[in-house]
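The chain contents come next:
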Amino acid sequence: MMLRDRRGPLFGAPAPQNHGKVDPESLERENDQNIAALGERVGFLRNITSGIHGETESHHAVLDRMAMGMGSVGLGLGGAVGKFNKVMDDPQGRRTVYIAIGITAALFLLYIWWR
């Protein structure tokens, strides 16, 4: 009886009022009700965890697609940087880059001035 008094509040049951003889059938019914309530809670938690699992899988798929896209961008950017370094190593190419930057800056300033 003492063990039952401690477990009752865990399942939301009120503390027993009398300490007399308890009917075993009523204890069995109460136990079945508590088991059913616990089963509902477990089912609810299972639905939540399966939803979390689905969301996690979809996020992993998105991250995998992004990683593949970033890999190809990195390769292209690496090639462009390599070509840019070749141009900057040549004095004639360096002068061409400076002229292109100057023209771009002048056009940008004209755009801002006329705007």
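Residues numbered from 1 in each chain as written. Predicted model: local features only at pLDDT ≥ 70, side-chain atom pairs only at ≥ 80, totals over all residues. Heavy atoms only, no water.

**Observations regarding the overall build of the protein chain**
Consideration 1: For the protein chain, the helix and strand inventory stands at 3 helices and 0 strands.
Consideration 2: Helices and strands in the protein chain line up, N terminus first, as α-α-α.
Consideration 3: The 115 residues of the protein chain split such that 4% are buried.
Consideration 4: With an accessible surface of roughly 10200 Å², the protein chain has 66% of that area assigned to carbon and sulfur atoms. (Helix = DSSP H or I, 4+ residues; strand = E, 2+ residues; numbered from the N terminus. Buried < 20%, exposed > 50% of the residue type's maximum accessible area, 1.4 Å probe, protein only. Areas by Shrake-Rupley, 256 points an atom, 1.4 Å probe, with all protein chains shown as cover.)

**Focus on the environment of valine 97**
Consideration 1: Take valine 97: it is sitting in helix H3 (residues 91–114).
Consideration 2: Of the residues examined, valine 97 reaches a relative accessible area of 16% and is grouped as buried.
Consideration 3: Residues valine 97 and phenylalanine 84, 13 residues apart in the sequence, show an inter-C-alpha distance of 9.4 Å.
Consideration 4: Once residues lying within four places of it in the same chain are set aside, the contact partners of valine 97 are Phe84, Val87 and Met88. (Contact = heavy atoms within 4.5 Å.)

**Quick notes on a nonpolar patch on the surface**
Consideration 1: Judged by side-chain polarity, Ile99, Ile103, Leu107, Leu110, Trp113 and Trp114 come together as a nonpolar surface patch covering roughly 750 Å² of accessible area.
Consideration 2: Along the chain, the position of tryptophan 113 falls in helix H3.
Consideration 3: Note on tryptophan 113: relative accessible area 65%, which makes it exposed. (Patch = residues over 30% accessible without salt bridge, like charges linked within 9 Å, V, L, I, M, F, W, Y side chains within 5 Å. Salt bridge = Lys/Arg side-chain N within 4 Å of Asp/Glu carboxyl O.)

**Some remarks on the confidence of the model for the protein chain**
Consideration 1: Scored by pLDDT, the protein chain has a mean of 84; 83% of the residues are at 70 or more.
Consideration 2: Summarising per-element confidence for the protein chain, the mean pLDDT is lowest in helix H1 (residues 2–7) (55) and highest in H3 (92). (pLDDT = per-residue confidence, 0-100.)

**Concerning the packing of helix H2 (residues 24–89) against H3**
Consideration 1: At a minimum axis distance of 5 Å, the contact between H2 and H3 shows a crossing angle of 110°. Classed by the angle they form, the pair H2 and H3 counts as roughly perpendicular. Across the interface between the two elements, Phe84, Val87, Met88 and Asp89 from H2 touch Pro91, Gly93, Arg94, Val97 and Tyr98 from H3.
Consideration 2: Split by residue class, the contact of H2 with H3 holds 6 nonpolar, 1 polar and 2 charged. (Axes fitted to C-alpha atoms, helices over the stretch in contact; angles between N-to-C directions. Parallel < 35°, antiparallel > 145°, perpendicular 65-115°, else oblique. Nonpolar A, V, L, I, M, F, W, Y, C, P; charged D, E, K, R; others polar.)

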